[in-house]
Amino acid sequence: ALCIAVVMGLAVLAAGCGGGDKKAAPAAPAKKVIKISIGLNEQSHEYAGLKKFKEEVEKNSKGRYEVQLYANAQLGDDVKATEALRAGTLEMTAPSTSPLTGMSKELGVFDLPFIFPNSEVAYKVLDGPVGQKILDSLQSKGLVGLAFWDNGFRHLTNSVREVKTPEDVKGMKVRTMQNPMHLAAWKALGANPTPMPFSEVFTAMQQKTIDGQENPVPTIYQQKFYEVQKYCTLTGHIYTPFVVLMSKKVWDGMSKEDQKIFKDAAVVARDHERKVSADMNKSQVEKLRQAGMTVTELTPAQLKAFQDAVAPVYGEFSGKIGADIVKAVQEEVKKLTKK
Ligand code: TK8
């Protein structure tokens with residue numbers, strides 16, 4: 001009966017049932033472990049950001065925190081990992097915003113096709129007051145958004161044929177993220193979209209249960225999608241950010257100083273991650289070609305055909321996302337592109 005405490009864990013057991021006459025040296029306070037999980041692999045721009053984040057947190061907390069990194073959806077895909085944060089069973093994750101619009105409708109503004117003309121404008125909106133407002137909307141969902149990192153402009157790949165026009169995607173089975181706007185956009189183009197978590201995509205392409213998928217160049221290259229996809233068209237149809245999230249339960253248990261360490265680290269790492277992503281976007285189009293892919297750049301007229309085909313998505317979804325937030329982003333974009 002004495003050692004019934006064993007069920008309460010080893011520490012209790014050691015303290016309660018040990019010899020008791022050895023004087024233990026004052027123990028150093030235990031490091032607090034923060035686990036952070038992502039879906040991409042260790043070669044990704046996102047993982048480069050995580051390494052920087054870890055370095056910053058551990059340095060600035062003088063080793064009081066240990067940040068453990070998990071790639072390849074080891075602790076769950078975007079939706080599962082985010083749910084674990086809400087439950088308080090995982091500390092951090094950095095998913096794409098798109099599969100989370102069921103939890104927070106405001107995030108859906110990024111899923112409107114062609115809403116950002118380029119990364120610079122996207123970064124300014126994401127890092128400015130509108131982006132902050134969207135991050136704040138996560139608090140009521142049990143999530144604290146620390147920063148937006150770069151996932152990037154998404155491009156179509158497939159194993160069937162070269163795509164230059166919407167007609168070319170007719171009937172094509174395209175995997176999308178679990179997001180209603182992505183589904184609507186691909187339906188509008190005449191494709192046959194299938195939502196699926198990221199970790200299942202490679203195998204689905206290999207087994208040809210899907211013909212294609214869409215992701216930014218660094219992901220297509222680093223995840224070796226060229227091994228199972230022959231064609232890539234630089235459609236750039238949607239810009240998706242990553243959002244660096246912490247469980248609100250964990251966040252609320254931290255001192256103000258520690259909260260600041262994490263917030264600052266997410267911002268420093270963001271700038272590093274975006275730089276790595278930009279470099280990869282620059283160098284890896286050529287690498288995809290060298291790996292045997294046919295990479296197609298669209299003419300402005302060809303691109304316009306895609307833009308026109310997906311334009312109805314705005315009418316269908318703006319109200320659901322929140323007309324005010326859609327307008328706020330569009331106005332910011334307009335201001336920033338004028339200069
Ligand atoms: C990784 C995903 C990925 C995203 C996707 O967890 O699902 O296609 O682009 O980066 O978030």
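Parameters at a glance
Residues numbered from 1 in each chain as written. Predicted model: local features only at pLDDT ≥ 70, side-chain atom pairs only at ≥ 80, totals over all residues. Heavy atoms only, no water. Pairing = 2+ DSSP bridges. Helix = DSSP H or I, 4+ residues; strand = E, 2+ residues; numbered from the N terminus. Axes fitted to C-alpha atoms, helices over the stretch in contact; angles between N-to-C directions. Near = heavy atom within 4 Å. Polar contact = N/O pair within 3.5 Å; in protein donor to acceptor, adjacent residues only side chain to side chain. Areas by Shrake-Rupley, 256 points an atom, 1.4 Å probe, with all protein chains shown as cover. 1 Å grid on protein atoms, 1.4 Å probe; cavity = no way out; pocket = protein on both sides within 12 Å on 5 of 7 lines; lining within 4 Å. Sits in = over half its atoms within 2 Å of the grid points. Nonpolar A, V, L, I, M, F, W, Y, C, P; charged D, E, K, R; others polar. Points joined across faces, edges and corners; volume = space filled by probe spheres on them.

### Section: the sheet that holds strand β9 (residues 231-233)
Working step 1: Pairing is mixed across the open sheet formed by 6 strands, whose spatial order is β7-β6-β8-β5-β9-β11. Strands with a single pairing partner mark the edges of an open sheet, and in this sheet they are β7 (192-195) and β11 (294-296). The sheet shows a mean angle of 25° between the axes of neighbouring strands, direction not considered.
Working step 2: In terms of strand pairing, strand β5 (residues 155-158) meets β9 through 3 bridges, oriented antiparallel. Looking across to β9, one finds that L156 is bridged to T233.

### A word on the site of the ligand
Working step 1: Every residue near the ligand is listed here: G39, L40, D78, S96, N151, R154, R175, M177, F198, N215 and F242.
Working step 2: R175 has a polar side-chain atom sitting 2.7 Å from an oxygen atom of the ligand.
Working step 3: When the free accessible area of the ligand is taken as 300 Å², the share hidden by the protein chains comes to 99%.
Working step 4: Placement of the ligand is best described as lying within the largest cavity.
Working step 5: In terms of residue class, the shell around the ligand is made up of 4 nonpolar, 4 polar and 3 charged.

### A word on empty space enclosed by the protein
Working step 1: Scanning the entire structure with this criterion turns up 2 cavities of 30 Å³ or more.
Working step 2: One number sums up the size of the largest cavity: a volume of about 180 Å³.
Working step 3: What lines the largest cavity is a set of 19 residues, among which D78, S96, M177, F198 and F242 lie closest to the centre.
Working step 4: When its volume is computed, the second largest cavity comes out at roughly 60 Å³.
Working step 5: Together, P113, F114, A185, W186, L189, T235, H237, I238, F306 and V310 line the second largest cavity.
Working step 6: The set of elements that each furnish at least two residues to the lining of the second largest cavity consists of α6 (180-188) and α11 (300-310).
Working step 7: A breakdown of the residues in the lining of the second largest cavity according to their chemical character gives 8 nonpolar, 2 polar and no charged.

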